[in-house]
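Structural overview for review
These are the residues of each chain, in order.
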Amino acid sequence: MKVKLEGNKIKIRKIGSSDVGDIYQNVKDKEVTKWTLNIPHPYSRKDAIAFVKRCRNKLRKEERYTFGIILKETNKLVGLVSLFHVHKNNKNAELGYWLGKNYWGKGIMSEAVKLIIKFGFEELKLHRIYAEAFEENIASRKVLEKAGFKLEGIRIESRYKYKKFHNNYEFGILKKYKPPSRKPKTL
Ligand SMILES: CC(C)(COP(=O)(O)OP(=O)(O)OC[C@H]1O[C@@H](n2cnc3c(N)ncnc32)[C@H](O)[C@@H]1OP(=O)(O)O)[C@@H](O)C(=O)NCCC(=O)NCCS
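Read on for an overview of the structure. Treat the numbers as computed from the prediction; the structure is a model and nothing was measured.

Reading the values: rules and limits
- Residue positions within a chain follow its written sequence, with the count starting from 1.
- Reporting in this predicted model follows two pLDDT cut-offs: at least 70 for local features of residues, and 80 or more for side-chain atom pairs to be given and counted; totals over whole chains, interfaces and linings ignore these cut-offs and use all residues.
- With hydrogens and water stripped out, all remaining heavy atoms of the structure feed into the side-chain values.
- Counting from the N terminus, the helices are DSSP H or I runs at least four residues long and the strands are E runs at least two residues long.
- Residue count minus one, scaled by 1.5 Å, sets the expected span of a helix.
- Here the term buried applies to any residue with accessible area under 20% of the maximum for its type, exposed to any over 50%, and partly exposed to those in between, with areas from a 1.4 Å probe on protein chains only.
- Nearness is defined per residue: one heavy atom within 4 Å of the molecule or strand is enough.
- Polar contact criterion, stated in full: a pair of N or O atoms within 3.5 Å, where within protein one must be able to donate a hydrogen and the other to accept it, and residues adjacent in sequence count only if both atoms are side-chain atoms.
- Note that accessible areas follow from Shrake-Rupley with a 1.4 Å probe, and for residues the cover is restricted to the protein chains shown.
- Residue polarity is assigned by list, with Asp, Glu, Lys and Arg as charged and Ala, Val, Leu, Ile, Met, Phe, Trp, Tyr, Cys and Pro as nonpolar; anything else, Gly included, falls into the polar class.
- Patch membership is restricted to residues that have no salt bridge and whose relative accessible area is over 30%. Joining uses 9 Å for like charges and 5 Å for the nonpolar side chains Val, Leu, Ile, Met, Phe, Trp and Tyr.
- Salt bridge, as used here: a side-chain nitrogen of Lys or Arg that lies within 4 Å of a carboxyl oxygen of Asp or Glu.
- One bridge is not enough; two strands pair if DSSP finds at least two bridges between them.
- Angles shown run from 0 to 180 degrees and are taken between the N-to-C directions of axes, each axis being a line fitted to C-alpha atoms and, for helices, limited to the stretch in contact.
- Residue contacts are defined here by distance: any two heavy atoms, one from each residue, within 4.5 Å place the two residues in contact.

**Some words on helix 4 (residues 108–123)**
Relative to the 22 Å expected for 16 residues at 1.5 Å per residue, helix 4 spans 22 Å between its end C-alpha atoms, a close match to the ideal helical length. Among the 16 residues of helix 4, 12 are classified as buried, and the element is accordingly described as predominantly covered. Every buried residue of helix 4 is accounted for by Ile108, Met109, Ser110, Glu111, Ala112, Val113, Leu115, Ile116, Ile117, Phe119, Gly120 and Phe121. Positive phi appears at Lys125, one or two residues downstream of helix 4, with a value of about 60°.

In structure tokens form, the structure reads like this:
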């Protein structure tokens, strides 16, 4: 791998079965999964084991790249960041992430997102990365905006959670934004 997956406070690395405990401890917290789409609650150790196994299979097929977020100071896994739905023809992938509640608000996810985007564009040669967040998930929307994602649209009441419909914010970032070329008109 050419890309260095290391920032100031954190590094990101592939996950394995020894990470099941940390994943379970963090994800079982209802606050962490409150505004996520696919993580069940209550969350069991078995869910974490199945998840790590699924990640390994998907990595083999190059469909999903899931990295643990490791605090350099303690060498502890404090969250995950993934590129999934990797579409080879379109060179697109979706970004998803979570962080254990004790680690929120310290700029950790902003660092992790920068690293995985670099990996996506430079190592996987993606053209576009996209992500979505519930309107209520202000912290997640901020992480995306700070990383350079553009708000592409708001799907009104497109998600149903907690017996209510919610607006969904859709974001995207291109490897390189190229403004339309303005060639002088030739008469
Ligand atoms: C969303 C999440 C990853 C953010 O991670 P984080 O490391 O705390 O984010 P950062 O510290 O890098 O930046 C968050 C920004 O949002 C701001 N923020 C955090 N909570 C906020 C809130 N409730 N309202 C407004 N702003 C908030 C922070 O101040 C910061 O902005 P700033 O840099 O301008 O000060 C984390 O809260 C989390 O794991 N949530 C649960 C899982 C989840 O929702 N995943 C995303 C699904 S789309």
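**Description of the site of the ligand**
With respect to spatial proximity, 21 residues lie near the ligand, and among them Gly105, Gly107, Ser110, Asn137 and Lys146 are the closest. Taking Ser110, its side chain carries an N or O atom lying 2.6 Å from an oxygen atom of the ligand. Within the side chain of Asn137, one N or O atom sits 2.8 Å away from an oxygen atom of the ligand. Here the ligand loses 71% of its free accessible area of 950 Å² to cover by the protein chains. It is helix 5 (residues 138–146) that contributes the most residues to the shell around the ligand, six residues altogether. Here the shell around the ligand is composed, by residue class, of 11 nonpolar, six polar and four charged.

**Considerations on a nonpolar patch on the surface**
Together, Leu151, Ile154 and Ile156 make up a nonpolar patch on the protein surface, roughly 270 Å² of accessible area in all. With respect to the helices and strands, Ile154 occurs in strand 6 (residues 150–161).

**Notes on the sheet that holds strand 6**
Read from one edge of the open sheet, seven strands run 1-2-3-4-5-7-6, paired in mixed fashion. With partners counted over all chains shown, the strands left at the sheet margins are strand 1 (10–14) and strand 6, one partner each. Recorded for the sheet is a direction-independent mean angle of 30° between the axes of neighbouring strands. Pairing between strand 2 (residues 65–71) and strand 3 (residues 76–87): seven bridges, direction antiparallel. Paired with Gly68 across the bridge in strand 3 is Leu80. Running over the sheet, helix 1 (residues 20–27) touches strand 3 and strand 4 (92–99) and is turned about 90° from strand 3.

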